[in-house]
Amino acid sequence: MSGPERTALTYRYERWRAVTNGILETAGTTFLLLIAVRWFKSGATAKALVAGGGSMGLLLTPVVVSIVQSARWPAARAASRLAGGGAACFLVMALVPWLPIFVIGSVLAMAASSAAIPLMTQVYQENYPEKKRGQFFSRTVMIRIGVAALFSEMAGRALSAHVEDFRWLLLVFAAAFAFSSYCLSRCPSEPLTALDGSHPFRALRYVRRDRLFRQTLICWMLMGFANLMMLPMRVEYLANPKYGLAMSVGEIAFLTGVVPNSARLLLSPIWGWLFDRMNFFVLRVTVNLGFAAGIIAFFTSDSVAGLILGAVVYGISNAGGDVAWGLWVTKFAPPERVADYMSVHTFFTGMRGVLAPLLAFHLVSVMAMKTLGWISVALIVSASLLLLPEIKFGRRARPATALIEEVSE
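Note on numbering: residues in each chain are counted from 1, in written sequence order. In keeping with the predicted nature of the model, local features appear solely for residues at pLDDT of at least 70, side-chain atom pairs appear and are counted solely at 80 or more, and the whole-chain, interface and lining totals rest on all residues. By convention in this description, side-chain values take in all heavy atoms of the structure and omit both hydrogens and water.

1. Remarks on the pattern of salt bridges
- Salt bridges are counted wherever a side-chain nitrogen of Lys or Arg sits within 4 Å of a carboxyl oxygen of Asp or Glu. Counting across every chain of the model gives ten salt bridges.
- Taking the shortest distance from any N to any O, the salt bridge between Glu25 and Arg144 comes out at 2.8 Å. Residue Glu25 is found in helix H1 (residues 3-38), and its partner Arg144 is found in helix H8 (residues 133-161); the two are separated by 119 residues along the sequence.
- On the accessibility criterion, Glu25 (17% relative accessible area) is buried.
- Connected through shared salt-bridge partners, Glu25, Arg144, Arg264 and Asp322 make up one network. Helix and strand definitions here come from DSSP, where helices need a minimum of 4 consecutive H or I residues and strands a minimum of 2 consecutive E residues; each element is numbered from the N-terminal end. Exposure categories follow from relative accessible area, calculated using a 1.4 Å probe and restricted to protein chains: below 20% of the type maximum is buried, above 50% is exposed, and the middle band is partly exposed.

2. With respect to the nonpolar core
- Note on terminology: a nonpolar core comprises buried Ala, Val, Leu, Ile, Met, Phe, Trp, Tyr and Cys residues joined through side-chain atoms within 4.5 Å. Ranked by internal contacts, the top residues of the largest apolar core, which has 128 residues, are Phe90 and Phe173.
- For this core, the element with the highest residue contribution is helix H11 (residues 211-239), accounting for 15 residues.

3. Some details on the confidence of the model for the protein chain
- Averaged over every residue, the pLDDT of the protein chain is 85; residues scoring 70 or more account for 94%.
- The predictor rates its confidence in each residue with pLDDT, a number between 0 and 100. We call two residues contacting when some pair of their heavy atoms lies within 4.5 Å. This stretch, residues 398-409, has a pLDDT under 50; its non-local contacts, to residues over four places away or in other chains, come to 21 contacts.

4. Some remarks on the side chain of Asn288
- Mapped onto the elements, Asn288 comes out in helix H13 (residues 280-299).
- At 3.3 Å, the side chain of Asn288 and the side chain of Ser384 are in polar contact.
- When neighbours within four sequence positions are excluded, Asn288 is seen to be in contact with Met223, Ile380, Ala383, Ser384 and Leu387. In protein, a polar contact means a hydrogen-donor-capable atom and an acceptor-capable atom, both N or O and within 3.5 Å, with residues adjacent in sequence counting only if both atoms are side-chain atoms; elsewhere, any N or O pair within 3.5 Å suffices.

5. Structural notes on H11
- Each helix should span, by expectation, one fewer than its residue count multiplied by 1.5 Å. With 29 residues, H11 extends 43 Å from end C-alpha to end C-alpha; this agrees with the ideal 42 Å at 1.5 Å per step.
- To get the bend at a given residue, fit one axis to the seven residues ending there, fit another to the seven starting there, and take the angle between those axes. Where H11 bends most, at Met233, the angle is about 35°.
- Extensive coverage of H11 is indicated by the burial of 21 of its 29 residues.
- Its side-chain oxygen placed 3.2 Å from the backbone nitrogen of Leu212, Asp210 serves as the N-cap of H11.

6. Some words on the packing of aromatic side chains
- In this analysis, rings of Phe, Tyr and Trp, with Trp reduced to its six-membered ring, are considered paired at centre separations within 6.5 Å, and the interplanar angle assigns stacked below 30 degrees, edge-to-face beyond 60, and tilted for intermediate values. The tally for this structure, following the rule as stated, stands at 27 aromatic pairs.
- Where Phe280 meets Phe281, the ring centres are 5.2 Å apart and the plane angle is 70°; that geometry is what we call edge-to-face.
- With relative accessibility at 0%, the residue Phe281 sits in the buried group.
- Members of the aromatic cluster, connected to one another through ring pairs, are Tyr206, Phe213, Trp220, Phe280, Phe281, Trp328 and Tyr341.
- Its end group placed over the ring of Phe136, Arg139 keeps NZ or CZ at 5.6 Å from the ring centre.
- Here, a charge over a ring is recorded when the distance from Lys NZ or Arg CZ to the ring centre is within 6 Å and its angle to the ring normal is within 35 degrees. Here Arg234 stacks its cationic end above the ring of Tyr314, 4.0 Å away from the centre of that ring.

Dropping the structure here:
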């Protein structure tokens, strides 16, 4: 199959899969946590586990990539199997509405989704041309965002009237995973190139060898930890009566799903265009500052106008974060090592994604939500300042092997 044919086939099924991704995104960002809060009345630890399910999968990505490499599975086929596992988890959750099953199923299902990310980054590396990779990616992201906004509105209205019908929503999530599995099975891909050795975390060697990669991961850890602390706090802030808002399910879905996703939809193609042309580190700092502004606007206001402003700014920044987070290693990693570099990136994302919600849900029991928001802003600003010296490398965006040689000289 020629390069253009691979691109066309991948893009066709990625557009269909974007529909399912939009539906599943609302599970991880809004509805699973809402069900935990409103129906199961779960405690801080259970809520943190539900909020951090996707991060659990990211934490396991080096192991997943290692297994796929050893088994010589094509990357897309392995991702398809993970999606099938996610469908099974949601089906069990719908059939057995018990809090322990709900929490475990939420973690496993969202982990299955996020664990496939390095595999799909490798597929994009293989099948999308370098100069248009950001554009192809952002177009499918636009579909995902649009579906997420629409589905948030529809599901939010449905649950506002009958929250006890959440089991039907879980069945919709199961069906979305099943169709995603089918789409992934149709995407062309090659088996991953195996590294020397058999240790599942052997890709972490690049953190030691590649100074630029290491420095970027440190900055991303600070920024990401701050953002992931505040992400589930949006639902908590709007839903928990202790903060004086106690909004309905529909209102919460509107502010955490419809508004930010509408902003993401409008700005996503612009960020995709910028990713292909702009200095990566300047792009990253710009996105960081947007996240900081969104946190300030959202958590320092108790008015509807302030909440909407914060949601809009967050959505705009998230559109840039989608592209930057998902594709940045393709600018610096050797082509045959993209999945390995991405697995390291997602591993550290998973680490902070597991710890950040746990820390946040327990911190808000002893401090004000606004104070936690300002702490997050301070972390984001620190991360941005640390990235400034790396801007000179972002202009060239050469493969990481060349950067390793330069740093060692």
